[in-house]
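# Notes for the structure review
Here are the chains, one letter per residue:
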2 protein chains.
Amino acid sequence: MSLPEFKIAQLRHFVWVAELKGFHSAAEKACRTQPAISLSIRDLENKLGTVLFEKRNSKTSNTELTPFGRYFLPKAKELIAHHDNVAQDMALMSEHKTGHLRLASVPSIACRMLPELLSKFIADVPELHISFYDDNSEAVLRKVEKQQVDIGIASLPHGHEHADITFIPVWEDQLGVVCREDHPFAEATELHWKELRKQRLIRNGTSRLLEDTEAEPLLSDSQFLISNMLSLIAMLEEGLGITTLPWFAFPKNNSKLRFIPLTSPKIVRHIGIVQLKNKALSPAAEALAKFILTETAKNKAIGVKPE
Amino acid sequence: MSLPEFKIAQLRHFVWVAELKGFHSAAEKACRTQPAISLSIRDLENKLGTVLFEKRNSKTSNTELTPFGRYFLPKAKELIAHHDNVAQDMALMSEHKTGHLRLASVPSIACRMLPELLSKFIADVPELHISFYDDNSEAVLRKVEKQQVDIGIASLPHGHEHADITFIPVWEDQLGVVCREDHPFAEATELHWKELRKQRLIRNGTSRLLEDTEAEPLLSDSQFLISNMLSLIAMLEEGLGITTLPWFAFPKNNSKLRFIPLTSPKIVRHIGIVQLKNKALSPAAEALAKFILTETAKNKAIGVKPE
DNA sequence: ATCTACTGATAAGGATTCCTTATGTCACTA
DNA sequence: TAGTGACATAAGGAATCCTTATCAGTAGAT
């Protein structure tokens, strides 16, 4: 014998009739007509195999529960409450007001763009938990691929297009030369790579961007490699040499250093949102991606040195 | 914005698709066709506002949950489990396999009929709790009226017909004379009330049955009143006198005493099931009433001295 | 490559279920 | 004895659910 299957609406009708002591008031509350409630209750009684309300009798003009109905009432209410809890929880989740968002980003964007973006994004979603990782592009891509993170912000190295990831370009970040304010280059508005050959060039983590360009010979000329950004900046401020950096990696509000765009070759790295192809994002991640796209569209944020 | 309302069947479909990793297997389990499941899931996704399953993609021929779906799965399962618990509990209740049955009965029936009846009745309902009270008819009626018990077994005194109780006659219990086996009456097959006038008559709790009959004068003749049944029996066995008792109140298998029906007037009390008019019984009480009626119908139990 | 077998998606029709309007019944009231 | 209030019932239409038939993409096997 198979168990009956209650409908939530039906249970609600029952509770309302019981608590408002009447079919009419219950019908009103349910935004239904009275016969609808009658039928609903009858159906429920049939499923249960027992009547729930006393047959309208004696002086008491109020509809009263049977003992069986009294036994059922709290259970029905609990079940409805449970249902509504789940429904509400899922609604919040689906409006990304709650949940867990795991995000990885390349450090430059993490420092320059994300602080403002994220603080705006979470302004009206206080329940959202965010885990953030910063690392270089390869590591970000790896985290996305391994699903250690819902969404990534990185640039797409060559050879990675074929993989199971989708790339949505968001920012364009132009490579430039960084030197101290008293350096001969400091007042230039643009530079050609050959001008750098006579300089002491310090390589750094972003120097890979020069690979596969005409400026590649610079890499072999260079005798320094400093991967730590803070040390690199300190060295540059000391006047130890010059380096190349994407604009977004150039520290904001640094008064001792100058950024001069490299124009030939003009090297631009495209940074954007990275996610697993054919995998649906969690609502929160989806919302963040959309948020980033609309925000940056507004600001037309292109990573070149503004005037 | 109103919350969506899930259907239990729908949630089941979702869980099955998720756990069996496929719409086809889920359809089979649900005894539906595959398109039905597709639509069911789609409807659920619309209600939630988010997709639950990854769009059938790459190599993985298995249908996989989205992060959102993974979050929903346990909640859906809990909700289904809760529903099924309630449904099962109510089904048991409605098959009176569980619950609480409060019963009051007149002592004679309680001793003579109920032990067998109740033991048969509860044989296949081990979960049923029974509270039992025995008392005289008035007390039983009072308990029923005050809803201290669900159902009562008593006879209906005159003047009680108008009250809010229903009486279903079950047993007929004939009044007779009880004396010791060596008493002159012992071998008689029937007696007239006038024959008792010369005897020492001991009144008892059931003597009220003689009121309003032609035998009423006996009551004023009698100088003894023993209300405790055990004492009464002891007195009778001592040969202290005789008394009148309904057959059901006459102790079964008593070898020292004899029961002789009183034929003029023939006094029969109707004992039956008493319940509150217009009040539905709890399923267990309902079942007991029905059980008593069918059992006694089988045995044609009439309370006269059988040969 | 092409065929087959598997997946789920989609369309159109019929069967059910649900809800509404209109009316009925019963008990209490004036 | 008509009136009122509260629920039951009947019949028709609307919405939902489910089915059959068909489509479309992918994987594996010729």
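Looking up chain A in an unreviewed UniProt entry gives the name Transcriptional regulator, LysR family, with the organism given as Colwellia psychrerythraea. Quoted verbatim from the Sequence similarities (unreviewed entry) field of UniProt, the annotation for chain A is "Belongs to the LysR transcriptional regulatory family."

Relating one copy of the chain to the other takes a rotation about an axis and a shift parallel to that axis. If you rotate chain B by 180° and push it 0.1 Å along the axis, it lands on chain A with an RMSD of 0.3 Å. Between the two chains, the operation in question is that of a two-fold axis. Taking C-alpha positions as the reference, the residue of chain B nearest the rotation axis is B:K7, at 3.2 Å.

Near DNA strand D you find 18 residues, and of these A:S38, A:R42, A:T63, B:K7 and B:T33 are the closest. A share of 65% is what sugar and phosphate atoms reach among the atoms of DNA strand D within 4 Å of the protein. At 3.1 Å from a base nitrogen of DNA strand D is found a side-chain nitrogen or oxygen belonging to A:Q34. Contact distances for DNA strand D include 2.8 Å between a phosphate oxygen and a side-chain N or O atom of A:S38. Of all the secondary-structure elements, those providing two or more residues to the surface near DNA strand D are α2 (23-30) and α3 (34-48) of chain A together with α3 (34-48) of chain B. Per-element accounting of the surface near DNA strand D gives the leading share, four residues, to α3(A). Of the residues in the surface near DNA strand D, the class split is six nonpolar, seven polar and five charged.

This part covers the packing of helix α1 (residues 8-20) of chain B against helix α4 (residues 67-94) of chain B. Residues and elements named next belong to chain B. The N-to-C vectors of α1 and α4 enclose an angle of 130°; their axes lie 9 Å apart at closest approach. The orientation of α1 with respect to α4, classified from their angle, is oblique. Crossing of α1 over α4 shows left-handed handedness. Along its contact with α1, which presents I8, L11, R12, F14, V15, A18 and E19, the element α4 presents G69, F72, L73, A76, K77, L79, I80, H83 and D84. A class-by-class count of the residues in the contact of α1 with α4 yields 10 nonpolar, two polar and four charged.

Further remarks concern the interface of chain B and chain A. Listed per partner, the contact involves 42 residues of chain B and 42 residues of chain A. Taken together, the two surfaces of chain B and chain A that pack against each other cover about 3800 Å², and 64% of this comes from carbon and sulfur. Applying the counting rule to chain B against chain A returns four salt bridges. Between B:E5 and A:R12 there is a salt bridge whose closest N-O contact spans 2.6 Å. The interface formed by chain B and chain A contains 15 residue pairs in polar contact (both at pLDDT 80 or more). Secondary-structure elements contributing two or more residues to the side of chain B that touches chain A are α1 and α4 of chain B. Its residues placed into classes, the side of chain B that touches chain A shows 20 nonpolar, 11 polar and 11 charged.

In this section: a nonpolar patch on the surface. All names here are of chain B. A cluster of nonpolar side chains, namely I122, I130 and F132, defines an oily patch on the protein surface of about 220 Å² accessible area. Mapped onto the secondary structure, I130 falls in strand β2 (residues 129-134). Residue classification places I130 among the partly exposed positions, given a relative accessible area of 31%.

Our focus in this paragraph is the domain arrangement of chain A. Residue and element names in this part refer to chain A. Structurally, chain A comprises domain 1 (8-94), domain 2 (100-171 + 273-299) and domain 3 (173-268). If you average the C-alpha positions of domain 2 and of domain 3, the two centres end up 27 Å apart. Counting from both sides, the interface comprises six residues of domain 2 and, opposite them, eight residues of domain 3. Of the roughly 660 Å² buried between domain 2 and domain 3 on both sides combined, carbon and sulfur atoms contribute 52%.

Okay, the side chain of A:Q174 next. Residues and elements named next belong to chain A. Turning to its location among the elements, Q174 is positioned in strand β4 (residues 165-180). Given the relative accessible area of 8%, Q174 is considered buried. In terms of polar contacts, Q174 uses its side chain to reach the backbone carbonyl oxygen of L262, at 3.5 Å.

Moving on, we come to α4(B). Helix length check: α4(B), at 28 residues, gives a terminal C-alpha distance of 41 Å against a target of 40 Å (1.5 Å per residue), a fit within 8%. At B:L73, α4(B) is bent by approximately 30°, the largest bend along its length, and proline B:P74 sits one to four residues beyond.

Close to DNA strand C lie 17 residues, the nearest being A:K7, A:T33, B:F23, B:H24 and B:R42. When atoms of DNA strand C within 4 Å of the protein are sorted by moiety, sugar and phosphate together comprise 70%. Between a phosphate oxygen of DNA strand C and a side-chain N or O atom of A:R32, the distance comes to 3.1 Å. Side-chain polar atom of B:Q34 to a base nitrogen of DNA strand C: 3.0 Å apart, as the coordinates give it. When residues of the surface near DNA strand C are traced back to their parent elements, those giving at least two are α3 of chain A together with α2 (23-30) and α3 of chain B. The residue inventory of the surface near DNA strand C, partitioned by class, reads five nonpolar, seven polar and five charged.

The rules behind each value
- Residues numbered from 1 in each chain as written.
- Chains lettered and ligands numbered in written order.
- Predicted model: local features only at pLDDT ≥ 70, side-chain atom pairs only at ≥ 80, totals over all residues.
- Heavy atoms only, no water.
- UniProt positions renumbered as here; feature names shortened; annotations may be inferred.
- Least-squares fit on C-alpha atoms with pLDDT ≥ 70 in both.
- Near = heavy atom within 4 Å.
- Polar contact = N/O pair within 3.5 Å; in protein donor to acceptor, adjacent residues only side chain to side chain.
- Helix = DSSP H or I, 4+ residues; strand = E, 2+ residues; numbered from the N terminus.
- Nonpolar A, V, L, I, M, F, W, Y, C, P; charged D, E, K, R; others polar.
- Axes fitted to C-alpha atoms, helices over the stretch in contact; angles between N-to-C directions.
- Parallel < 35°, antiparallel > 145°, perpendicular 65-115°, else oblique.
- Left-handed = near helix turned anticlockwise from the far one by under 90°.
- Contact = heavy atoms within 4.5 Å.
- Buried area = accessible area lost by both parts, 1.4 Å probe.
- Salt bridge = Lys/Arg side-chain N within 4 Å of Asp/Glu carboxyl O.
- Patch = residues over 30% accessible without salt bridge, like charges linked within 9 Å, V, L, I, M, F, W, Y side chains within 5 Å.
- Areas by Shrake-Rupley, 256 points an atom, 1.4 Å probe, with all protein chains shown as cover.
- Buried < 20%, exposed > 50% of the residue type's maximum accessible area, 1.4 Å probe, protein only.
- Domains from an automatic or database assignment.
- Expected span 1.5 Å × (residues − 1).
- Bend = angle between axes of the 7 residues up to and from the residue.

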